[in-house]
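# Inside the fold
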Amino acid sequence: QTYSVFPNWDHSQSDVVVQPYNSVLTLKRLTLNADAVVVLDNTALNRIAVDRLRIENPTVDQLNSLVATIMAASTTTLRYPSYMNNDL
């Protein structure tokens, strides 16, 4: 299982011109070589931090913490199997 944070699709915020192409090619490679691929959108992560968590200017550490929370929540059933949790 892999977790990937894809960059902003807004060309005005992008540092590299070929960033969308790199993302598509990376996704192709991940789908061929991984059992499960979870794609997280950087723009959506920023929006969640601003709208839901009330952080005006989220830092990289805060966004990494948000990604870690998502990863921990989605793998809970694998780490703590019981009759209450469904397996992935």
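Scoring rules and cut-offs
Residues numbered from 1 in each chain as written. Predicted model: local features only at pLDDT ≥ 70, side-chain atom pairs only at ≥ 80, totals over all residues. Heavy atoms only, no water. Helix = DSSP H or I, 4+ residues; strand = E, 2+ residues; numbered from the N terminus. Buried < 20%, exposed > 50% of the residue type's maximum accessible area, 1.4 Å probe, protein only. Contact = heavy atoms within 4.5 Å. Areas by Shrake-Rupley, 256 points an atom, 1.4 Å probe, with all protein chains shown as cover. Expected span 1.5 Å × (residues − 1). Arc of directions from axis to C-beta. Patch = residues over 30% accessible without salt bridge, like charges linked within 9 Å, V, L, I, M, F, W, Y side chains within 5 Å. Salt bridge = Lys/Arg side-chain N within 4 Å of Asp/Glu carboxyl O. Core = buried A, V, L, I, M, F, W, Y, C linked by side-chain atoms within 4.5 Å.

### Observations concerning the overall build of the chain
In terms of regular secondary structure, the chain is built from 4 helices and 2 strands. Listing each helix as α and each strand as β along the chain from the N terminus yields β-α-β-α-α-α. Burial status across the chain gives 19% buried among its 88 residues. Here the analysis covers contacts within the chain between residues at least 6 apart in sequence; of these, 51% occur between residues at least 24 apart. For the chain, the accessible area works out to roughly 6900 Å², and carbon and sulfur atoms hold 56% of it.

### Structural notes on helix α3 (residues 60-74)
Over its 15 residues, α3 runs 21 Å from end to end, which matches the ideal 21 Å to within 8%, given 1.5 Å per residue. Of the positions making up α3, those classed as buried are Leu-63, Leu-66 and Val-67. For α3, the arc enclosing every buried residue in end-on projection is 95°, short of the 170-degree limit, so these residues lie on one face. Buried residues in α3 make contact with β1 (2-6), β2 (37-41) and α2 (42-51).

### Regarding helix α1 (residues 19-33)
Taking 1.5 Å per residue as the helical rise, α1 with its 15 residues ought to reach 21 Å, and the 21 Å between its terminal C-alpha atoms agrees with that figure. For α1, the set of buried residues is Pro-20, Ser-23 and Leu-30. An end-on view of α1 places all buried positions within 85° of arc, on one side of the element. Those residues of α1 that are exposed and aimed more than 90 degrees away from the buried face are Tyr-21, Leu-25, Lys-28, Arg-29, Leu-32 and Asn-33.

### Describing a nonpolar patch on the surface
A grouping of Val-16, Val-17, Val-18 and Tyr-21 is seen on the molecular surface, where their side chains present a nonpolar patch of about 420 Å² in accessible area. Note on placement: Val-17 falls in the loop between β1 and α1. Owing to a relative accessible area of 73%, Val-17 belongs among the exposed residues under this scheme.

### Focus on the nonpolar core
Among the nonpolar cores identified, the biggest contains 6 residues, and these are Leu-40, Leu-45, Ala-49, Leu-63, Leu-66 and Val-67. Elements with a contribution of two residues or more to this core: α2 and α3. The element that contributes the greatest number of residues to this core is α3, accounting for 3 residues.

Remember, this is a structural readout, not a statement about activity or role.
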